[in-house]
Amino acid sequence: MQIYKPDLKNKYLLDKYLAYNKYPGCELSAANNILWSNYYDTGFTIIEDMLVFCKLHEGKPVMMSFPVGNGDLKKVFEVIKAYFEENNLPFKMYLVQDAMFELIESWYPGEYEIKYSRGEADYLYLRETLENLAGKKLHGKRNHINRFLENYPDYEYEVINEDNYFECIQLSEDWEKQNNPDNEEDKNYEIEALTYALKNRDALGLKGALIRVGGKVVAFTLGEPLTKDTFVIHFEKAYSDIQGAYPMINREFVRRELGEYTYVNREEDMDIPGLRHAKTSYQPIRLVEKGLVTKKEV
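As the structure is a prediction and not an experimental result, all values here were calculated from the model.

Rules used throughout
- Residues numbered from 1 in each chain as written.
- Predicted model: local features only at pLDDT ≥ 70, side-chain atom pairs only at ≥ 80, totals over all residues.
- Heavy atoms only, no water.
- Buried < 20%, exposed > 50% of the residue type's maximum accessible area, 1.4 Å probe, protein only.
- Helix = DSSP H or I, 4+ residues; strand = E, 2+ residues; numbered from the N terminus.
- Arc of directions from axis to C-beta.
- Phe/Tyr/Trp six-rings, centres within 6.5 Å; stacked < 30°, edge-to-face > 60°.
- Polar contact = N/O pair within 3.5 Å; in protein donor to acceptor, adjacent residues only side chain to side chain.
- Contact = heavy atoms within 4.5 Å.
- Pairing = 2+ DSSP bridges.
- Axes fitted to C-alpha atoms, helices over the stretch in contact; angles between N-to-C directions.
- Salt bridge = Lys/Arg side-chain N within 4 Å of Asp/Glu carboxyl O.

Outline helix α1 (residues 11–18), listing residues and values.
Residues of α1 that are buried include every one of Lys11, Leu13, Leu14, Tyr17 and Leu18, and no others. Down the axis, α1 shows its buried residues gathered within 160 degrees of arc, on one side only.

Now the structure itself:
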């Protein structure tokens, strides 16, 4: 079983198989895997002409994902099952969404179980909800945007490009100092991943935009297509002392750049209370739950 580390050199392989992806979980994207593979020690392999992501330990898979591609799903599942048995490892399939588990259950009724983690569930929104912010429940977001427009009527919106991406890096470094001063390892890796993403945005297939006030970048966002109808936001940063900066970059990017998509995935909240409140307040259409599948004990 050949294990690849996700990087730009083998992105063509990821693109080939992820073109068949129909599941809205944020991890099923090329850039996401390339940016975070070292942090989470992940890789991927090709089994029976299908893509399978792997959690690694000492270079060997100890967890595998549900296969993605245009091949025989059950046949690949059997190969994965055999791998764990032959290596005397417990069966562990991670990032399994409900539609995937329904297939597993149909193949092997009652043999497997799934445990979901609330903090890993992605927030999925209708694009038109984020674009229009209509209705009573989103009244607060509209108010914040109105305050922003009153305070900064001469704001500028720009697509992230070669001339301005480095200003987003500066914002992210400032943001980490203000909002994540203690967790040095996480802070440094996120800055590293974001810097790499911004510098290599075209090669990674990323699209982003920023908002400038008084010549200074105060908010930016960056993401990539996930499926034919879903776009995923990987990064979004703004200065907290600029009222309305977050809802403004969110709305304007969706409004100006994402018209071809039906849904927007804004990733998980990692059990962080403030992040959960912020993501819930935008009224997601549903949570994309992802769980760990194991064999039931007899």
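That covers the picture; the talk isn't over yet.
If you had to explain unusual backbone geometry to someone new, which residues and values would you point to?
Positive phi outside glycine occurs at Asp49, with the angle close to 60 degrees. Relative to the assigned elements, Asp49 resides in the loop between β1 (42–47) and β2 (50–57). Residue classification places Asp49 among the partly exposed residues on the basis of a relative accessible area of 47%. The phi dihedral of Glu267 falls on the positive side, at around 65 degrees, and the residue is not glycine. Assignment of secondary structure puts Glu267 in the loop between β12 (263–265) and α11 (273–280). Owing to a relative accessible area of 12%, Glu267 belongs among the buried residues under this scheme.

Mind laying out the packing of aromatic side chains, listing which residues take part and the relevant values?
This structure, assessed with the given rule, holds 23 aromatic pairs. Between Tyr83 and Phe84 the ring centres are 5.5 Å apart and the planes differ by 75 degrees, which places this aromatic pair in the edge-to-face class. Both residues of the pair, Tyr83 and Phe84, count as buried. With a centroid separation of 5.4 Å and 65 degrees between ring planes, the pair formed by Phe84 and Phe91 is classed as edge-to-face. Comparing Phe84 with Phe91, the two get one shared label, buried.

Provide a residue-level description of the side chain of Arg127, including the pertinent values.
Within the element layout of this structure, Arg127 appears in helix α5 (residues 127–132). Among the polar contacts listed, one links the side chain of Arg127 to the backbone oxygen of Tyr261, at a separation of 2.6 Å. Every residue in contact with Arg127, bar those within four places of it in the chain, is listed here: Val254, Leu258, Gly259, Tyr261, Thr262, Tyr263 and Val264.

Account for the sheet that holds strand β7 (residues 122–126), with residues named and values stated.
Hydrogen bonds along the backbone pair up the strands of a sheet, which may run parallel or antiparallel. The seven strands are arranged β8-β9-β10-β11-β12-β7-β13 in an open sheet whose pairing can be described as mixed. Here the strands that pair on one side only, and so sit at the sheet edges, are β8 (156–159) and β13 (286–288). Going from strand to strand, the sheet's axes swing by 30 degrees on average, the running direction of each strand aside. The pairing of strand β9 (residues 207–213) with strand β10 (residues 216–225) spans seven bridges and is classified as antiparallel. Opposite Val213, over in β10, you have Lys216 as the bridge partner. Set on the sheet, helix α7 (residues 165–179) makes contact with β9, β10 and β11 (230–238); between it and β10 the angle comes to about 100 degrees.

How would you summarise the pattern of salt bridges if you had to cite specific residues and measurements?
A complete count under the given rule lists 22 salt bridges for this structure. The salt bridge partner of Lys75 is Glu48, with a shortest N-O separation of 3.5 Å. With a gap of 27 residues between them, Lys75 in helix α3 (residues 73–86) and Glu48 in the loop between β1 and β2 connect regions that are remote in the sequence. Salt-bridge contacts for Arg201 lead to Glu162; the nearest nitrogen and oxygen are separated by 3.0 Å. With a gap of 39 residues between them, Arg201 in helix α9 (residues 201–204) and Glu162 in the loop between β8 and α7 connect regions that are remote in the sequence. By relative accessible area, which is 6% here, Arg201 ends up buried. Within the structure, one salt-bridge network assembled from shared partners comprises Arg118, Asp269, Asp271 and Arg276.

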